[in-house]
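Summary of the model geometry
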Amino acid sequence: MKNKKKYDCGAFLSDFIATLRNEKAASEHTVAAYYSGCVEFAVKVRNADAMFNDWQSVDRDEAKSFIAALYDSGNSKRSIARKLSSLRSFFRHLCQRGVASANPFEGLPQMKLDKPLPKVMNINQVDNLINAVSAVWADAIVSGRVRTEAGAEFSCARDKAMIEVIYSGGLRISEAVNIDLGDIDITNGVVKVRGKGKKERLAALGTPAVRALREYLNLRREFGLGGRERNSPLFLNQSGSRITPRSFQRDLKNYLLCAGLPPDFTPHKLRHSFATHLLDAGADLRSVQEMLGHENLSTTQIYTHVSAERLRNVYQKSHPLAGKKR
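First, a word on scope: everything that follows refers to the structure included in this document. (Residues numbered from 1 in each chain as written. Predicted model: local features only at pLDDT ≥ 70, side-chain atom pairs only at ≥ 80, totals over all residues. Heavy atoms only, no water.)

Moving on, we get to the pairing of strand β3 (residues 200-204). Burial of the side chains of β3 is restricted to one face: Arg 201 and Ala 203 are buried, whereas none of Glu 200, Leu 202 and Ala 204 on the reverse face is. Relative to β3, strand β2 (residues 190-194) is paired through 5 bridges, and the arrangement is antiparallel. Counted as the bridge partner of Lys 192 is Leu 202 from β3. If you look at the hairpin formed by β2 and β3, you'll find 5 residues sitting between the two strands, and Gly 197 has a positive phi there, around 70°. (Buried < 20%, exposed > 50% of the residue type's maximum accessible area, 1.4 Å probe, protein only. Helix = DSSP H or I, 4+ residues; strand = E, 2+ residues; numbered from the N terminus. Pairing = 2+ DSSP bridges.)

The next subject is helix α3 (residues 60-72). Relative to the 18 Å expected for 13 residues at 1.5 Å per residue, α3 spans 19 Å between its end C-alpha atoms, a close match to the ideal helical length. Here the buried face of α3 lies against α2 (28-46) and α4 (77-96). After α3 finishes, the residue Gly 74 shows a positive phi value of roughly 85°. (Expected span 1.5 Å × (residues − 1). Contact = heavy atoms within 4.5 Å.)

Further remarks concern the side chain of Arg 21. Checked against the element boundaries, Arg 21 lands in helix α1 (residues 11-22). A polar side-chain atom of Arg 21 sits 2.6 Å from the main-chain carbonyl oxygen of Lys 5. Reaching out from Arg 21, the side chain makes a polar contact with the side chain of Glu 28 at a distance of 2.9 Å. In contact with Arg 21, other than residues within four places in its own chain, are Lys 4, Lys 5, Tyr 7, Ala 26, Glu 28 and Val 31. (Polar contact = N/O pair within 3.5 Å; in protein donor to acceptor, adjacent residues only side chain to side chain.)

Let us now look at the packing of aromatic side chains. For the structure on display, the rule yields 14 aromatic pairs. Here Phe 52 and Trp 55 contribute two aromatic rings whose centre-to-centre distance is 4.9 Å and whose plane-to-plane angle is 80°, an arrangement assigned as edge-to-face. Taking 6.0 Å as the distance between ring centres and 75° as the angle between the ring planes, the aromatic pair formed by Trp 55 and Phe 91 counts as edge-to-face. On the criterion of sequence distance, the pair formed by Trp 55 in the loop between α2 and α3 and Phe 91 in helix α4 is long-range, its members being 36 residues apart. Each member of the pair, Trp 55 as well as Phe 91, is classed as buried. A connected cluster of aromatic rings, assembled from ring pairs, spans Phe 16, Tyr 34, Phe 41, Phe 52, Trp 55, Phe 66, Phe 90, Phe 91 and Phe 105. (Phe/Tyr/Trp six-rings, centres within 6.5 Å; stacked < 30°, edge-to-face > 60°.)

All right, on to the layout of surface pockets then. Empty space among the atoms can be located by rolling a probe the size of a water molecule over them. Estimates place the volume of the second largest pocket at around 360 Å³. If you trace the second largest pocket, you find 19 residues lining it, with Trp 137, Val 146, Ser 155, Gln 238 and Asp 251 closest to the centre. Looking at the lining of the second largest pocket, the elements with two or more residues in it are α5 (123-143), α6 (149-169) and α9 (245-259). Broken down by element, the residue count for the lining of the second largest pocket peaks at 5 residues, all from α9. A class-by-class count of the residues in the lining of the second largest pocket yields 6 nonpolar, 8 polar and 5 charged. (1 Å grid on protein atoms, 1.4 Å probe; cavity = no way out; pocket = protein on both sides within 12 Å on 5 of 7 lines; lining within 4 Å. Points joined across faces, edges and corners; volume = space filled by probe spheres on them. Nonpolar A, V, L, I, M, F, W, Y, C, P; charged D, E, K, R; others polar.)

Where α1 meets α2, the axes come as close as 10 Å, and the angle between the chain directions of the two elements is 160°. Of the possible angle classes, the one that applies to α1 and α2 is roughly antiparallel. Remark: the crossing between α1 and α2 carries right-handed chirality. Residues Leu 13, Phe 16, Ile 17, Leu 20 and Arg 21 of α1 form the contact with α2, whose own contacting residues are Glu 28, Val 31, Tyr 34, Tyr 35, Cys 38 and Val 39. For the contact of α1 with α2, a count of residues per class yields 9 nonpolar, no polar and 2 charged. (Axes fitted to C-alpha atoms, helices over the stretch in contact; angles between N-to-C directions. Parallel < 35°, antiparallel > 145°, perpendicular 65-115°, else oblique. Left-handed = near helix turned anticlockwise from the far one by under 90°.)

Note that all results are geometric; they support no functional claim without further evidence.
Here is the structure:
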């Protein structure tokens, strides 16, 4: 993994971070969150800093004190739950290493969190987003904001293909940018995806996604970026390097603005939309779980609530007696 941040901390926390990265394949975002939660405990409860290393002496009363300190600092229930989860995982690691004899954060009362339903796009909004890609790059050519018309055409085809692939297969943005040429089977309409924990699964490529991919790959060759090695990145920037999530998200903001869509829509909203639209169309929950690469069915069940909410809204707006009192 590139660009790993160096954390100054005691030996036990440093070992935990290394385990998260090397054995758990955790993202740098997750590593940063776990590190932050553990250091905050050292600061608030032990009046120490990141170099604190006397973790084996932490007891249940101090774990409860940390919760109180977080409440006093104005943390939300969701934020507190995340930080407690970080420490629970850290002490589980310490117990496995034989450093701690018990996990002081295990068995604490669980806070009931209201799970916000994920926002999804309707099918028309997905279409509008894809159409906006062409509009944005056409305007960029006319206004002279791009160096070459060929470069704009290449970027347009690439981003259309990315959106189609993410929506068609329910991919995370990190999964999409990490696809290699050898992962795609256009003939059979499938792509091999590497998800969390480096777990692999097959995702479907619908007709629009296949068509967009063919167009992009043709332009990629014309643009002189037609490397055929199986481990060559699929989605490239104009320099021939693998495109980054940040780069795609930056362009996505322009597409959302052009399409008149909410600016807080993210690539992950396409994944949410994929799952919700499948359930709306009658797909069974287990199949959707497998397609999303969720380890637990409970994670997928959130989309049944979204689907039901959408049906209720349609009913309330459409049924002549929906709002009538009897």
